[in-house]
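Remarks on the overall topology
Listed below, chain by chain, are the residues.
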Amino acid sequence: MLKKLDKIRFRGPRRDEFLDLAESPTASDTEGSEESLVKPRPSLRDPEELRDPAGSGSPNMAAMQDLRSDSERLNEVKGHLEIALLEKHFLQEELRKLREETNVDTLKQELEKERVRRLDLEQKMNEVLKTREKNVLSLIKNPIQTGLKQQKETLCSRMQKWLYDRFGVYIEDFRFQPEENTVEPEEPLSAKRLTENMRRLKRCARPITNFLRNLSALSNWHSVYTSAIAFIVYMNAAWHGWAIPMFLFLAILRLSLNYLIARGWRIQWSIVPEVSEPVEPPKEDLTVSEKFQLVLDVAQKAQNLFGKMADVLEKIKNLFMWVQPEITQKLYIGLWVAFISSCVLPYKLVGFMIGLYAGIKFFIIDFLFKSCPKLRDKYDTPYIVWNNLPTDPQLKERSNATVSRRIQPVVSRSSLATIPAGVSREEETGRAHNTKKGAFHEVFNLPETERPLPVCENGWRCCLINRDRKMPTDYIRNGVLFVTENYLCFESSSSRSGSSKKNKVIKLVDITDIQKYKVLSVLPGSGMGISIATPSTQKPLVFGAMIHRDEAFEAIFTQYMKIVTTGCAET
């Protein structure tokens, strides 16, 4: 054990006995390379061993050999460290040289670019100097020509400026520009604004209505003296060919009277005395029911107005589209006669004939027809043609009537085929259907056989608008609509569980008319209501606010047609 410990002690200095190479001072790599090496510290040995090396015997000799081998290893490490330091120095030098070389290349590139730019500038300067020399020489050689050119240029510029100052504004007007699509902002719906617009429309239409009323008064001989004077004046003008100048003079006279009225003169001339309508002051604070009634009144007026306009336009369209060939044939023959007479007869004679016919028709024939309605129904051709022209809803009703007549036998067979095989009618109708307030037949006081159709087992949510009632509580009711084989049932949500006063039961046989309805016709879309007319109501009942309006209408209409066809077949 002691020998092994001595070997370990004399094997050489430890690593921590050397100086760290990285902590050496920063100097050149060649300076004191030997000094940078770590020298071993003298090991603390016993003085007796140093004094008498031979006295230790063979173990001491082995320790000395180990020491020599350690020194050789240290020398090898020293050599490797010197080589590594030299390589590091050479690498640093090469890196520095490479950096200098790269800087030189960039400088060379920049110098080349500057040389190219300088050459380009010199070339451009030479070209400019050459052109200037040529211009100077040309001015020296031909001073008169240059003066004339300058004068021409000044004259042309002056002429262009003068034309632009005089006519430039008009030329700018003919410049094409894209159209600007301006979207008008839409006003929100309000009862006050709606009534104000209706009053404005009424005020603006009053002059036109007064003019038409005066014309009808002249034709009806309301004032005999005025109509006689107008008839004589008009016929005299038409006889002498002054009908058009007379109308132009009347237009100038009307504008002159309007000018005097605008200046403050009080001029009132009318064949029919005007009736002053009382002007109601607008109310500022309206209740909810008053606002609702006001909106309904305005909507009804708008509906009637739009209906009349649509009827007129549809009749004109059907007249020209040969919907009624016997009526359009009369117009076709009349246009051919007018065309041939205008080509054959002279213009003055055609104007004379048209003027005489218009005067006699307006003052005499129309008076006789209005006084004798039977005579008008037989001989007034324009009146007969206009009344016989159908509108689009009338054509639709006719087509539906013809289709229903054709499918009567098919409907009777299909009604029998709807019952599945093996199931009797009693079993089919014996299923229990209950509402929220009890059994279905008990709520509506119907026979037990009456059950909702499979399409409307849960009913359709809607509101019943009874326009015969005036109270807001009775005017609109919310509830559910059901259809059975023979009845149309409405269950009101406000009715109590034991009473059925607010519920509505309508026989399908009693229905006289059923249509899709739009509560407010001014709104877009086809509406969400169904209008049903019965003999017991003055105005049709409206089932509005139905989400599945089309489905409900088809179910009600098909069941109604089945009832009607079966009734016709039995009779």
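Because the structure is a prediction, the values reported are computed rather than measured.

Attention now moves to the pairing of strand β3 (residues 460–465). Most of β3 is tucked away, with five of its six residues classed as buried. Alignment of β3 against strand β4 (residues 476–483), held across six bridges, turns out to be antiparallel. Residue pairing across strands places Leu464 opposite Arg477, the latter belonging to β4. Across three bridges, the pairing between β3 and strand β9 (residues 541–544) is antiparallel. Bridge pairing links Ile465 to Val542 in β9.

So, on to the pattern of salt bridges. The full count for this structure, using the stated rule, is 10 salt bridges. Notably, a salt bridge pairs Arg117 with Glu114, separated by 3.4 Å at the nearest N-O pair. Of the two residues, Arg117 and Glu114 are both situated in helix α3 (residues 58–141); the distance of three residues between them amounts to about one turn of the helix. A relative accessible area of 45% places Glu114 in the partly exposed class. Put simply, Glu122 and Arg118 hold a salt bridge, and the shortest N to O gap is 3.0 Å. Of this pair, Glu122 and Arg118 both sit in helix α3, four residues apart, roughly one helical turn. You can call Glu122 partly exposed: its relative accessible area is 37%.

Moving on, we come to the UniProt feature "transmembrane region" (unreviewed entry) in the protein chain. The positions that UniProt labels "transmembrane region" (unreviewed entry) are, in the present scheme, residues 211–235 and 241–261. As annotated, residues 211–235 comprises 84% helix and 0% strand, and the C-alpha atoms at either end are separated by 21 Å. Between the end C-alpha atoms of residues 241–261 there is a gap of 32 Å, over a span that is 90% helix and 0% strand.

Summed over all chains, the structure comprises 12 aromatic pairs. Between Phe440 and Phe444 the ring centres are 5.0 Å apart and the planes differ by 50°, which places this aromatic pair in the tilted class. Remark: Phe444 and Phe440 occur in helix α16 (residues 440–444); sequence separation between them is four residues, near one turn of the helix. On the accessibility criterion, Phe444 (5% relative accessible area) is buried. Judged by centre distance (6.3 Å) and plane angle (70°), the ring pair of Phe444 and Phe482 falls under edge-to-face. Within this pair, whereas Phe444 is found in helix α16, its partner Phe482 is found in strand β4, the two being separated by 38 residues in sequence. Of the two residues, Phe444 and Phe482, both sit in the buried class. Each residue in the set Trp322, Tyr332, Trp336 and Phe339 is aromatic and connected to the rest through ring pairs, giving one cluster.

Among the nonpolar cores identified, the biggest contains 25 residues, and Trp460, Leu481, Leu488, Ile514, Ile530, Phe543 and Met546 are the most heavily contacted of them. Where this core is concerned, the elements lending two or more residues are β3, β4, β5 (487–492), β8 (529–533), β9 and α18 (549–570). In this structure, Leu446, Val480, Phe482 and Cys489 belong to the second largest nonpolar core, which totals eight residues.

Our focus in this paragraph is the confidence of the model for the protein chain. Per-residue confidence for the protein chain gives a mean pLDDT of 75; residues scoring 70 or more make up 70%. This model gives residues 1–56 a pLDDT under 50, and the stretch forms 36 contacts once residues within four places in sequence are excluded. Every residue in residues 408–432 scores below 50 in pLDDT, and together they form 12 contacts with partners more than four places removed in sequence or on other chains.

Positioned with a positive phi, Trp221 is a non-glycine residue whose angle comes to about 55°. In this structure, Trp221 sits in the loop between α5 (191–219) and α6 (224–240). By relative accessible area, Trp221 is classed as partly exposed at 24%. Phi angles above zero are rare outside glycine, and Trp322 is one such case at about 60°.

Let us now look at the environment of Ser227. Assignment of secondary structure puts Ser227 in helix α6. Judged by relative accessible area, which is 0%, Ser227 ranks as buried. Sequence-wise, Ser227 and Phe363 are 136 residues apart; in three dimensions their C-alpha atoms are separated by 7.9 Å. In contact with Ser227, not counting residues within four places along its chain, are Ala217, Leu218, Trp221, His222 and Phe363. Separated by 3.2 Å, the side chain of Ser227 and the backbone oxygen of Leu218 make a polar contact.

The seven strands lie next to each other as β6-β5-β4-β3-β9-β8-β7, forming an open sheet whose pairing is antiparallel. Each end of this open sheet is capped by a strand with a single partner; those strands are β6 (504–507) and β7 (513–517). Neighbouring strand axes in the sheet, compared pairwise and without regard to direction, differ in orientation by 30° on average. Looking at chain direction, β4 and β5 are connected through five bridges and run antiparallel. In the sheet register, Val483 faces β5, and the bridge partner there is Leu488.

This part covers a nonpolar patch on the surface. The grouping of Trp322, Tyr332, Ile333, Trp336, Val337, Phe339, Ile340, Val344, Leu345, Leu349 and Met353 at the surface amounts to a nonpolar patch, some 1,100 Å² of accessible area in total. Elements represented by at least two residues in the nonpolar patch include exactly α9 (325–344) and α10 (347–371). The leading source of residues in the nonpolar patch is α9, at seven residues. Take Met353: it is sitting in helix α10. According to the relative accessible area criterion, Met353 is partly exposed, its value standing at 45%.

Calculation notes
Residues numbered from 1 in each chain as written. Predicted model: local features only at pLDDT ≥ 70, side-chain atom pairs only at ≥ 80, totals over all residues. Heavy atoms only, no water. Buried < 20%, exposed > 50% of the residue type's maximum accessible area, 1.4 Å probe, protein only. Helix = DSSP H or I, 4+ residues; strand = E, 2+ residues; numbered from the N terminus. Pairing = 2+ DSSP bridges. Salt bridge = Lys/Arg side-chain N within 4 Å of Asp/Glu carboxyl O. UniProt positions renumbered as here; feature names shortened; annotations may be inferred. Phe/Tyr/Trp six-rings, centres within 6.5 Å; stacked < 30°, edge-to-face > 60°. Core = buried A, V, L, I, M, F, W, Y, C linked by side-chain atoms within 4.5 Å. pLDDT = per-residue confidence, 0-100. Contact = heavy atoms within 4.5 Å. Polar contact = N/O pair within 3.5 Å; in protein donor to acceptor, adjacent residues only side chain to side chain. Axes fitted to C-alpha atoms, helices over the stretch in contact; angles between N-to-C directions. Patch = residues over 30% accessible without salt bridge, like charges linked within 9 Å, V, L, I, M, F, W, Y side chains within 5 Å. Areas by Shrake-Rupley, 256 points an atom, 1.4 Å probe, with all protein chains shown as cover.

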